[in-house]
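Each chain is listed here by its residues.
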Amino acid sequence: MSAVSDRLPTFPWDKLAPYKATASAHPDGIVDLSVGTPVDPVPELIQKALIDAADSPGYPTVWGTPELRDAITGWVERRLGARGVTHRHVLPIVGSKELVAWLPTQLGLGPGDRVAHPRLAYPTYEVGARLARASYEVYDDPTDLDPEGLKLLWLNSPSNPTGRVLSKDELTRIVAWAREHGVLLFSDECYLELGWEADPVSVLHPDVNGGSYEGIVSVHSLSKRSNLAGYRAAFLAGDPAVLAPLLEIRKHGGLMTSATTQAAAVAALGDDVHVREQRERYAARRTALREALLSHGFRIEHSEASLYLWATRDESCWTTVAHLADRGILVAPGDFYGEAGDTFVRVALTATDERIAAAVARLAR
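Peer 1: Explain the sheet that holds strand 10 (residues 308-312) to me, using residue names and the numbers behind them.
Peer 2: One open sheet holds the four strands; their spatial order is 9-10-13-12, and the pairing between them is antiparallel. The sheet terminates laterally at strand 9 (299-301) and strand 12 (332-333), the two strands that pair on one side only. Bridge count for strand 9 against strand 10 is three bridges, and the pairing is antiparallel. Its bridge partner being in strand 10, R299 is matched across the sheet by T312.

Peer 1: For the packing of aromatic side chains, give the residues involved together with the corresponding values.
Peer 2: Throughout the structure, instances matching the rule amount to 11 aromatic pairs. An aromatic cluster of three or more residues is present, and its members are W13, Y19, W310, W318, F336, Y337 and F344. Above the plane of the ring of W63 lies R69, whose end atom (NZ or CZ) is 3.8 Å from the centre. Across the ring face of Y308, the terminal group of R346 is positioned such that the distance to the ring centre comes to 3.8 Å.

Peer 1: Just give me the short version of unusual backbone geometry, but keep the residues and values in it.
Peer 2: Here the residue pair S157 and P158 is connected by a cis peptide bond, since its omega of -5° sits within 30 degrees of zero. Relative to the elements of secondary structure, P158 occurs in the loop between strand 5 (150-156) and helix 7 (168-180). With a phi angle near 55°, D314 is a residue other than glycine that sits in the positive phi range. Among the structural elements, D314 can be located in the loop between strand 10 and helix 12 (317-325).

Peer 1: Explain the side chain of T320 to me, and be specific about the residues and the numbers.
Peer 2: Turning to its location among the elements, T320 is positioned in helix 12. For T320, the contacting residues outside a window of four places in its chain are F298, R313, E315 and V345.

Peer 1: Residue-level account of the environment of A358, with values.
Peer 2: Relative to the helices and strands, A358 is located in helix 13 (residues 353-363). Along the primary structure A358 and V31 are separated by 327 residues, whereas in three dimensions their C-alpha atoms are 7.4 Å apart.

Peer 1: Give a detailed account of the packing of helix 3 (residues 44-52) against helix 10 (residues 259-269), specifying residues and quantitative values.
Peer 2: Relative orientation of the contacting elements helix 3 and helix 10 amounts to 150°, with a least axis distance of 8 Å. Considering how the two elements wind past one another, helix 3 and helix 10 form a crossing that is right-handed. Together, L45, I46, A49 and L50 of helix 3 and T260, T261, A263, A264, A267 and A268 of helix 10 make up the contact between the two elements. A class-by-class count of the residues in the contact of helix 3 with helix 10 yields eight nonpolar, two polar and no charged.

Peer 1: Quick one: what's the story with helix 11 (residues 273-295), residue by residue and with numbers?
Peer 2: In an α-helix there are 3.6 residues to a turn, and that puts residues three or four apart on one side. Given a rise of 1.5 Å per residue, 23 residues ought to cover 33 Å, and the 34 Å separating the end C-alpha atoms of helix 11 matches this to within 8%. Along its buried surface, helix 11 packs onto helix 3, helix 10, strand 9, strand 10, strand 13 (344-348) and helix 13. The positive-phi residue at the C-terminal boundary of helix 11 is G297, with phi of around 105°.

Peer 1: Explain helix 7 residue by residue, including any values.
Peer 2: Across its 13 residues, helix 7 extends 18 Å between first and last C-alpha, which sits within 8% of the 18 Å expected from 1.5 Å per residue. By the burial criterion, the buried members of helix 7 are L171, I174, V175, W177 and A178. Down the axis of helix 7, the smallest arc covering the buried residues is 165°, so these residues share one side. Looking at helix 7, the residues exposed on the side facing more than 90 degrees away from the buried face are D169 and E180. Just downstream of helix 7, G182 is the residue with a positive phi angle, here 65°.

Peer 1: Outline the pairing of strand 5, supporting the account with residue identities and numerical values.
Peer 2: Burial analysis of strand 5 places six of its seven residues in the buried class, which makes it a mostly covered element. Both strand 3 (residues 114-118) and strand 5 contribute to a ladder of three bridges, which runs parallel. Across the sheet, residue A116 finds its bridge partner in strand 5, namely L153. Pairing of strand 5 with strand 6 (residues 184-188) involves five bridges; the strand directions are parallel. Bridge pairing in strand 6 links L152 to L184. Crossover handedness for the path strand 5 to helix 7 to strand 6: right-handed.

Peer 1: Any chance you could break down the sheet that holds strand 5 for me, citing the residues and the numbers?
Peer 2: The strand order 2-8-7-6-5-3-4 describes an open sheet built from seven strands, whose pairing is mixed. Either end of the sheet is taken by a strand with one partner, and the two such strands are strand 2 (90-93) and strand 4 (135-139). Within the sheet, the average angular offset between the axes of one strand and its neighbour, ignoring direction, is 20°. As judged from the four bridges shared by strand 6 and strand 7 (residues 216-221), these two strands associate in the parallel manner. Among the inter-strand pairings, L185 is bridged to a residue of strand 7, identified as I216. Sheet contacts for helix 5 (residues 96-106): strand 2, strand 5, strand 6, strand 7 and strand 8 (234-238); angle to strand 5, the most-contacted strand, approximately 160°. Packing against the sheet, helix 7 makes contact with strand 5, strand 6 and strand 7, and its axis sits at approximately 170° to strand 5.

Basis of the calculations
All residue numbers refer to position in the chain's written sequence, counted from 1. Under the rules for a predicted model, residues below a pLDDT of 70 receive no local features and side-chain atom pairs below 80 are neither given nor counted, while totals for whole chains, interfaces and linings still include all residues. With hydrogens and water stripped out, all remaining heavy atoms of the structure feed into the side-chain values. A pair of strands is labelled paired if DSSP reports no fewer than 2 bridges between them. Secondary structure counts use DSSP, requiring at least four H or I residues in a row for a helix and at least two E residues in a row for a strand, with both numbered from the N terminus. Two rings from Phe, Tyr or Trp (for Trp, the six-membered ring) form a pair when their centres are within 6.5 Å of each other. A pair whose planes differ by under 30 degrees is stacked, one over 60 is edge-to-face, and the rest are tilted. Note on criteria: charge over ring means Lys NZ or Arg CZ within 6 Å of the ring centre, with the direction from the centre no more than 35 degrees off the ring normal. Contacts are assigned to residue pairs that have any heavy atoms within 4.5 Å of one another. A fitted line through C-alpha atoms represents every axis, and for helices the fit uses only the stretch in contact; the resulting angles, taken between N-to-C directions, go from 0 to 180 degrees. Take the far helix as your reference; a near helix turned counterclockwise from it by less than a right angle gives a left-handed crossing, and one turned clockwise gives a right-handed crossing. Residue classes follow a fixed rule: Ala, Val, Leu, Ile, Met, Phe, Trp, Tyr, Cys and Pro count as nonpolar, while Asp, Glu, Lys and Arg count as charged, and any other residue, Gly among them, counts as polar. Working rule for helices: expected span equals 1.5 Å times residues minus one. The rule is simple: take the accessible area with a 1.4 Å probe, protein chains only, and divide by the maximum for that residue type; under 20% is buried, over 50% is exposed, in between is partly exposed. The arc refers to the directions leading from the helix axis to the C-beta atoms. If the strands point away from the viewer and the path from the first strand over the helix to the second runs clockwise, then the crossover is right-handed.

The structure is reproduced here in structure tokens:
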């Protein structure tokens, strides 16, 4: 066990403990804007679908029910503009984090293979490479990478943590480059439903991929758009030649989404109303927090999509974390996501309206 755990970095969130204690000591309680976990209720139609499926004594299938695959293919075509998507083009996963962490291992990568991800990025991309004993590197523009030995290229648009959105032209250029050099491209699009000042585009769109899914896979999650982080519901869509062996590996590993979650995901993917309602909640919170941060002396970069504001006071991120903790507000230090974030903090929109209002009031003092 130690040989595996020794490959991993220190779990970053443990470093926040003293600042969380400071923020929690505020007379009016903590406003936790750090992790980004949903706090709003699971929509009733999704809860009902889960309850109706509660009598599920048998094992679920890794590939999911035909109803779930129908729901995924329908959503991908309706929402992302994809064309010709069949059951062979989709694969349910047990939340997106497990996929990110174990994908390099499931692809058979190891020493001598290279994995690349954005310079500012979700830490689990690096963790996945470490678990597989592959090397990892960061990029500003992936087409500047040396393609030799590059076996997996991660895109993330909208970005966590910055909220940056890659344009259709950028995506088209990157997809073409990856195909030219035989590099497998996985695009993490878990925040695609949450565009504010930009309209995020998927690599599955025919304008991006030329009508072919060869060498590309997109990753989607129901955690944020449907408040289902507790359900662990996500899926892949893209190249069947990539998904078929992943399905076989995941069958052997028992990586199956529960039957109740599968039923809930069918309901979630078939309804757009609750997504619009949740977007409106986040939009209002975003406007209030953004104005309060700017008035408090912050500068906000990117943040045109996702559930975060990427903010700076041009000082050490830990100085900013301490400054806000003294006001009972907990945020994530930017260096959790790479050295390039050492003067930024990530401020999540995932708090109740009452807690957001409390943060706004504290920032005004």
